[in-house]
Amino acid sequence: MHVEPTALEGVLIFTPKRFGDDRGFFMESFNQRVFDEAVGQPTAFVQDNHSRSAKGVLRGLHFQNAPHAQGKLVRVAAGAVFDVAVDIRPGSTTFGRWVGLELSADNQRQLWIPPGLAHGFLVLSDSADFLYKTTDYYAPQAEGAIRWDDPDLAIAWPDVGMAPLLSPKDAAAPRLNPT
């Protein structure tokens, strides 16, 4: 497993080793020891989630507030997405900054998003199966969202040839720093 840091402290890209031939492929998609060593502490995952979305669907930017803040290890099993993490940790030197990268079934990359960051993705392919492990259970009373197109964040979402398809909740999300 190759581990690469990003411009946001604690946000890591994991790329599994893939072994393939004309029959198909094999890869170890998760190893607890490798993961804990990379993030520098023991991490317990309590929930696995799977979503399928059509091209142009934009989900996010979502987070959960303490004491239910979630760390997420995300990946794509089919298709491709542009995945984004936004630092919303109070006092962080990178508060309000974001990182984004393509996650796909082809590149097999995974993104670790520690608790305290917001997360979202845009589907680039005809559809995408998005998988993620979380460090806390979903708690509706702790959920929050930030506008996907917040001008202060200026996220460079790729052009997929159509307006993003949003849930009503995401379309009504507030800016990170409302004016």
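Residues numbered from 1 in each chain as written. Predicted model: local features only at pLDDT ≥ 70, side-chain atom pairs only at ≥ 80, totals over all residues. Heavy atoms only, no water.

**Student:** What am I meant to see in the environment of Thr6 here?
**Tutor:** Secondary-structure assignment places Thr6 in the loop between strand E1 (2-5) and strand E2 (12-15). A polar side-chain atom of Thr6 sits 2.9 Å from the main-chain carbonyl oxygen of Val11. (Helix = DSSP H or I, 4+ residues; strand = E, 2+ residues; numbered from the N terminus. Polar contact = N/O pair within 3.5 Å; in protein donor to acceptor, adjacent residues only side chain to side chain.)

**Student:** Explain the sheet that holds strand E10 (residues 110-113) to me, please; I cannot follow it from the model alone.
**Tutor:** Pairing in this open sheet of 6 strands is antiparallel, and the strands run E1-E2-E10-E7-E12-E5 from one edge to the other. Pairing within the sheet leaves two strands with one partner each, and these edge strands are E1 and strand E5 (47-54). Neighbour-to-neighbour, the strand axes of this sheet turn through a mean angle of 25°, independent of strand direction. Pairing of E2 with E10 involves 3 bridges; the strand directions are antiparallel. Across the sheet, residue Phe14 finds its bridge partner in E10, namely Gln110. Against the sheet, helix H1 (residues 32-39) contacts E1, E2, strand E7 (72-78) and E10, and its axis sits at roughly 155° relative to E2. (Pairing = 2+ DSSP bridges. Axes fitted to C-alpha atoms, helices over the stretch in contact; angles between N-to-C directions. Contact = heavy atoms within 4.5 Å.)

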